[in-house]
Amino acid sequence: MASTNKKVSRKELVPEKIWGNSTWTVRSGQLIQGPGRPGGKPRLFTVLAEKIPYEALNAVRKDMEAAGINARGVYVAHDSMGYARYVGRGEIFQRLKARKRVQELELAYFSFYVVAERNHEREIETLLIRAASPLLAFNDKKKHASIYPGNIRDYEPGTSFYERHYKKGKKSSS
């Protein structure tokens, strides 16, 4: 495989901060396509945020509303060490506020991903739940903290897949 020195993208930040305290500031921006990269490729996410302090939740919500950005997608609530404790999908800010009320002392940061094609929200949510399952603090419907796989039907119809099965019949003693 040939290596390339072309940059994938660069960050362009808005000069004004959205929120700040004595430790952190939150700013918005856009990823700009790098030179020599083919354009017109569809994006998986329209907006994302990763490990933003919970205190900035309202400021980020207001900024997205002012920009006319849809606030529906997949979200993650993190503890003070940055570990994912809750993953879900839906109205991002309403659901993150509700989660914070339930686990007020435990949660410190949030992440979210607004998915361009809404039909992929469930798949992304399922992937995140399964990747972080030993750390998550909620029902066990989709998470599997064992060697057993989850239900393949959690993904979108039409998706090709590979699945392991126990070999039937008498077990060899070798």
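Refer to the preceding data block for the structure.
## Brief notes about the sheet that holds strand β7 (residues 84-91)
One open sheet accounts for four strands, arranged β5-β8-β6-β7; its pairing is antiparallel. The outermost strands of the open sheet, each flanked by one partner alone, are β5 (45-53) and β7. In this sheet, adjacent strand axes meet at a mean angle of 15° when their direction is disregarded. Inspection of the sheet shows β5 paired to strand β8 (residues 107-115) by six bridges, in the antiparallel sense. Counted as the bridge partner of L48 is Y113 from β8. Lying on the sheet, helix α2 (residues 92-102) is in contact with β6 (72-79), β7 and β8; it crosses β7 at an angle near 145°. Contacts from helix α3 (residues 121-132) reach β5, β6, β7 and β8, with the element oriented near 170° to β7.

## Overview of the nonpolar core
Counting 22 residues, the largest nonpolar core has V60, M64, F93, L96, F110 and F112 as its most contacted members. The set of elements that each furnish at least two residues to this core consists of β5, α1 (57-66), β6, α2 and β8. In contact with F112, other than residues within four places in its own chain, are V47, L48, A49, V60, M64, V74, Y75, I92 and F93. Membership of the second largest hydrophobic core comes to 10 residues, among which are V74, V76, Y113 and V115.

## Description of the packing of aromatic side chains
Under the counting rule described, the total for this entry stands at five aromatic pairs. Where F45 meets Y113, the ring centres are 5.3 Å apart and the plane angle is 45°; that geometry is what we call tilted. With F45 in strand β5 and Y113 in strand β8, this pair connects stretches of sequence that are 68 residues apart. With a relative accessible area of 13%, Y113 lands in the buried category. When the ring of F93 is compared with that of F112, the centres are 5.6 Å apart and the planes differ by 70°; the resulting orientation is edge-to-face. Of this pair, F93 sits in helix α2 while F112 is found in strand β8, placing the two residues 19 residues apart along the sequence. Taken together, the aromatic side chains of Y54, F93, F110 and F112 make up a single cluster linked through ring pairs. Between the NZ or CZ atom of R99 and the centre of the ring of Y86, over which it lies, the distance is 3.9 Å. A cation sits over an aromatic face here: K100 above Y54, 5.0 Å from the ring centre.

## Observations concerning the environment of N58
Here N58 is to be found in helix α1. According to the relative accessible area criterion, N58 is partly exposed, its value standing at 35%. When the C-alpha positions of N58 and W19 are compared, they lie 9.3 Å apart, and in sequence the two are 39 residues distant. Within the structure, N58 has its side chain in polar contact with the side chain of K97 (distance 3.0 Å).

## What to know about α3
Over its 12 residues, α3 runs 17 Å from end to end, which matches the ideal 16 Å to within 8%, given 1.5 Å per residue. The complete set of buried residues in α3 reads E121, E123, I124, E125, T126, I129, R130 and A132. On its buried face, α3 sits against β5, β6, β7 and β8.

## Observations concerning unusual backbone geometry
Despite not being glycine, K51 shows a phi value in the positive range, around 50°. Relative to the helices and strands, K51 resides in strand β5.

## Regarding the pattern of salt bridges
Using the criterion set out here, one finds five salt bridges in the structure. One salt bridge connects E65 with R61, and the closest N-O pair in it is separated by 3.1 Å. Here E65 pairs with R61, and both are found in helix α1, just four residues apart, close to one helical turn. Note on E65: relative accessible area 52%, which makes it exposed.

Calculation rules
- Residues numbered from 1 in each chain as written.
- Predicted model: local features only at pLDDT ≥ 70, side-chain atom pairs only at ≥ 80, totals over all residues.
- Heavy atoms only, no water.
- Pairing = 2+ DSSP bridges.
- Helix = DSSP H or I, 4+ residues; strand = E, 2+ residues; numbered from the N terminus.
- Axes fitted to C-alpha atoms, helices over the stretch in contact; angles between N-to-C directions.
- Contact = heavy atoms within 4.5 Å.
- Core = buried A, V, L, I, M, F, W, Y, C linked by side-chain atoms within 4.5 Å.
- Buried < 20%, exposed > 50% of the residue type's maximum accessible area, 1.4 Å probe, protein only.
- Phe/Tyr/Trp six-rings, centres within 6.5 Å; stacked < 30°, edge-to-face > 60°.
- Lys NZ or Arg CZ within 6 Å of the ring centre and 35° of its normal.
- Polar contact = N/O pair within 3.5 Å; in protein donor to acceptor, adjacent residues only side chain to side chain.
- Expected span 1.5 Å × (residues − 1).
- Salt bridge = Lys/Arg side-chain N within 4 Å of Asp/Glu carboxyl O.

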